[in-house]
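What follows is each chain in one-letter form.
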Amino acid sequence: MPPSPTEDWQPEPEPQNELERLIKQAAEDPSLQGRMFRLLMKAEVFTYVPYHPELEGEHTRTTDQGFVWCTYADKDGPFAAVFTSEAAASFEMRNVKKGGGPRPMICEMPADVLMGFLNDGQTTVRVMAAGGGTIRLQPKAVASLVAGEFTGDNPPSGSGEKTAVTLYPVPENKVPMKLKQAIRIFCARRRVPIGVYLFHQMDEATGEVPGDDLRVILWLRHADPVFYNDFCLMAQKLTPRHLDFYCAVITSDDEQAVTFLQTQTPLWPLLRAE
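No experiment lies behind these values; they were computed from the predicted model shown. (Residues numbered from 1 in each chain as written. Predicted model: local features only at pLDDT ≥ 70, side-chain atom pairs only at ≥ 80, totals over all residues. Heavy atoms only, no water.)

Q: What should I look at first to understand helix α2 (residues 33-41) in this one?
A: Quick reminder: α-helices carry 3.6 residues per turn. Residues three or four places apart thus point the same way. Along α2, the residues classified as buried are Gln33, Gly34, Met36, Phe37, Leu40 and Met41. Taken around the axis of α2, the buried residues stretch over an arc of 160°, which confines them to a single face. (Buried < 20%, exposed > 50% of the residue type's maximum accessible area, 1.4 Å probe, protein only. Helix = DSSP H or I, 4+ residues; strand = E, 2+ residues; numbered from the N terminus. Arc of directions from axis to C-beta.)

Q: I'm lost on the packing of aromatic side chains in this one. Help?
A: How two aromatic rings sit relative to each other is set out by the distance from centre to centre and by the angle between their planes. The tally for this structure, following the rule as stated, stands at nine aromatic pairs. On the numbers, 4.9 Å between centres and 45° between planes, the contact of Tyr48 with Phe83 is tilted. On the criterion of sequence distance, the pair formed by Tyr48 in strand β1 (residues 44-49) and Phe83 in strand β3 (residues 77-83) is long-range, its members being 35 residues apart. Residue classification places Tyr48 among the buried positions, given a relative accessible area of 1%. Taking relative accessible area as the criterion, Phe83 reaches 1% and is therefore assigned buried. Their ring planes at 35° and their centres at 5.6 Å tell us that Phe199 and Phe260 sit as a pair that is tilted. Residue Phe199 is located in strand β8 (residues 193-201), and its partner Phe260 is located in helix α8 (residues 255-261); the two are separated by 61 residues in the primary sequence. Since its relative accessible area comes to 1%, Phe199 is described here as buried. (Phe/Tyr/Trp six-rings, centres within 6.5 Å; stacked < 30°, edge-to-face > 60°.)

Q: How should the pattern of salt bridges be read in this particular structure?
A: A side chain with one charge can pair with a side chain of the opposite charge if their charged atoms come near. Counted according to the given criterion, the structure contains ten salt bridges. Salt-bridge contacts for Asp230 lead to Arg38; the nearest nitrogen and oxygen are separated by 2.7 Å. Here the residue Asp230 occupies a position in helix α7 (residues 225-238), and Arg38 occupies one in helix α2, the gap between them amounting to 192 residues. Measuring nitrogen to oxygen at the nearest pair gives 3.4 Å for the salt bridge that ties Asp74 to Arg126. Here Arg126 lies in strand β5 (residues 125-128) and Asp74 lies in strand β2 (residues 71-74), a separation of 52 residues in the sequence. Overall, the relative accessible area of 26% leaves Asp74 in the partly exposed class. Residue Arg126 is classed as partly exposed on the basis of its relative accessible area, which comes to 24%. The network of salt bridges with shared partners includes Arg38, Arg190 and Asp230. (Salt bridge = Lys/Arg side-chain N within 4 Å of Asp/Glu carboxyl O.)

Structure follows, in structure tokens:
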């Protein structure tokens with residue numbers, strides 16, 4: 001016989017919106033992470049703040065005025081709790097009550113504003129969605145999110161001094177299977193690149209190829225910061241930790257790079273044997 005409901009009992013809520021459904025899906029499919037972060041930064045989110053009667057209702061506050069939020073901890077350490085729906089924030093309150101202490105208030109604000117407050121170089125953020133999806137962002141990741149590096153709003157600059165390096169192609173059978181399949185599916189769905197090429201860099205001092213890096217060159221039809229952003233999020237997630245990941249973009253107006261790539265075999269698209 002199921003336990004009798006108590007005053008605080010409530011069923012776990014289902015995902016309330018597209019973002020909450022996407023958070024759960026992106027945990028299994030890294031190709032969705034760019035879209036997930038873009039939706040997150042455009043969403044209204046919720047957090048816990050210490051209870052003060054004067055805070056009830058609507059208020060305007062700037063980052064210069066500061067903002068106080070509640071901090072909690074789990075097995076991975078302290079974090080600020082951010083919720084992607086009021087249902088998720090209300091449901092999690094049951095665990096706050098178990099911990100004792102004063103009950104916090106639920107505060108709603110735009111995600112880009114809240115993340116701006118939380119971007120203090122010290123705060124880890126745990127984003128929690130109805131339905132069980134979670135994202136944990138360390139302080140550096142919070143800073144990257146606020147800077148637009150996870151959403152495609154701040155594409156890498158092509159300026160700066162270029163250094164000539166010697167690249168050696170990574171044989172297809174040496175590319176991790178999950179990464180190889182993910183790249184091919186990702187590119188086939190979005191059809192932005194002309195080709196995707198994988199290399200190791202030679203150590204110029206020794207003439208050897210350590211094989212401890214993975215350097216991807218995306219030959220794109222045109223500059224596409226969103227595609228680049230989403231591709232890098234996916235590929236970095238699936239690259240083994242012992243490999244340093246790098247990604248560069250060229251377009252067809254870079255004649256020297258195009259000439260080089262035309263002598264190489266792309267990982268995508270698949271080329272038919274003659």
